Amino acid sequence: MVSECQSSASGDGSSLRSERVAALLQQLAEEYEAARRGLARASCDYSRRALVEAHLCAVTAYQAELGQLLGEAQAQALIKVRLEEVDRRLAAEEGGGATAPGWA
């Protein structure tokens, strides 16, 4: 993988931006998945709730950065696709009967 310094030196800003977008989408998906898994095991335990909230705050931060890089509409479209992929994978792991929250 090309480092940010190498990409900048070559003058290929679009490549660097694409790499950043891909990294943000991956991080967002990982945080979302962690939050979903935390909710699946949720109880009245305050520390578990705080952990889920922390994951969701990270999702929000990545979403905001993607919005700045791509514009809100494009960011939302990419995020929706990525989170639907996570939801489908988690549903399959849970036996296929689980429905994804917020996606109809």
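Located above this text is the structure these notes cover.
Here the structure is a predicted model, which means the values were calculated and not measured.

S.K.: Would you mind going over the nonpolar core with me for this structure?
M.R.: Here is a general trend for soluble globular proteins: nonpolar side chains tend to be buried in one another's company. Formed by 16 residues in total, the largest nonpolar core has its most connected members in Leu 28, Leu 66 and Ile 79. Secondary structure elements with two or more residues in this core: α2 (13–40), α3 (46–70) and α4 (72–93). Broken down by element, the residue count for this core peaks at six residues, all from α2. For Leu 28, the contacting residues outside a window of four places in its chain are Val 59, Tyr 62, Gln 63, Leu 66, Ile 79 and Leu 83.

S.K.: What should I look at first to understand the side chain of His 55 in this one?
M.R.: By secondary structure assignment, the location of His 55 is in helix α3. Discounting chain neighbours no more than four positions away, the residues touching His 55 are Glu 31, Ala 34 and Ala 35.

S.K.: What is the right way to look at α2 in this model?
M.R.: For the α-helix, the turn length of 3.6 residues means that residues three or four positions removed from each other point alike. Over its 28 residues, α2 runs 40 Å from end to end, which matches the ideal 40 Å to within 8%, given 1.5 Å per residue. For α2, every residue scored as buried is listed here: Val 21, Leu 24, Leu 25, Leu 28, Ala 29, Glu 31, Tyr 32, Glu 33, Ala 35, Arg 36 and Gly 38. Looking at the buried positions of α2, the neighbouring elements they touch are α3 and α4.

S.K.: So what exactly am I meant to see when it comes to the packing of α2 against α3 here?
M.R.: A packed helix pair is summarised by two numbers, namely the angle formed by the two axes and the spacing between the axes. It is at 8 Å that the axes of α2 and α3 come closest, and there the two elements cross at 155°. For the element pair α2 / α3, the angle class is roughly antiparallel. Crossing geometry of α2 relative to α3 is assigned as left-handed. Per-class residue counts for the contact of α2 with α3 are 16 nonpolar, four polar and five charged.

S.K.: Could you clarify how one ought to interpret the packing of α3 against α4 in this entry?
M.R.: Packing of α3 against α4 leaves a shortest axis separation of 7 Å and a crossing angle of 130°. When the axes of α3 and α4 are compared, the pair comes out oblique. Here the hand of the crossing between α3 and α4 comes out right-handed. Across from Gln 63, Leu 66, Gly 67 and Leu 70 in α3, the residues of α4 making contact are Glu 72, Gln 74, Ala 75, Gln 76, Leu 78 and Ile 79.

S.K.: Even after reading the chapter, I still don't get the environment of Glu 85, so can you show me in this structure?
M.R.: In this structure, Glu 85 sits in helix α4. The spatial distance from the C-alpha of Glu 85 to the C-alpha of Ala 29 is 8.9 Å, given a sequence separation of 56 residues.

Rules used throughout
Residues numbered from 1 in each chain as written. Predicted model: local features only at pLDDT ≥ 70, side-chain atom pairs only at ≥ 80, totals over all residues. Heavy atoms only, no water. Core = buried A, V, L, I, M, F, W, Y, C linked by side-chain atoms within 4.5 Å. Buried < 20%, exposed > 50% of the residue type's maximum accessible area, 1.4 Å probe, protein only. Helix = DSSP H or I, 4+ residues; strand = E, 2+ residues; numbered from the N terminus. Contact = heavy atoms within 4.5 Å. Expected span 1.5 Å × (residues − 1). Axes fitted to C-alpha atoms, helices over the stretch in contact; angles between N-to-C directions. Parallel < 35°, antiparallel > 145°, perpendicular 65-115°, else oblique. Left-handed = near helix turned anticlockwise from the far one by under 90°. Nonpolar A, V, L, I, M, F, W, Y, C, P; charged D, E, K, R; others polar.

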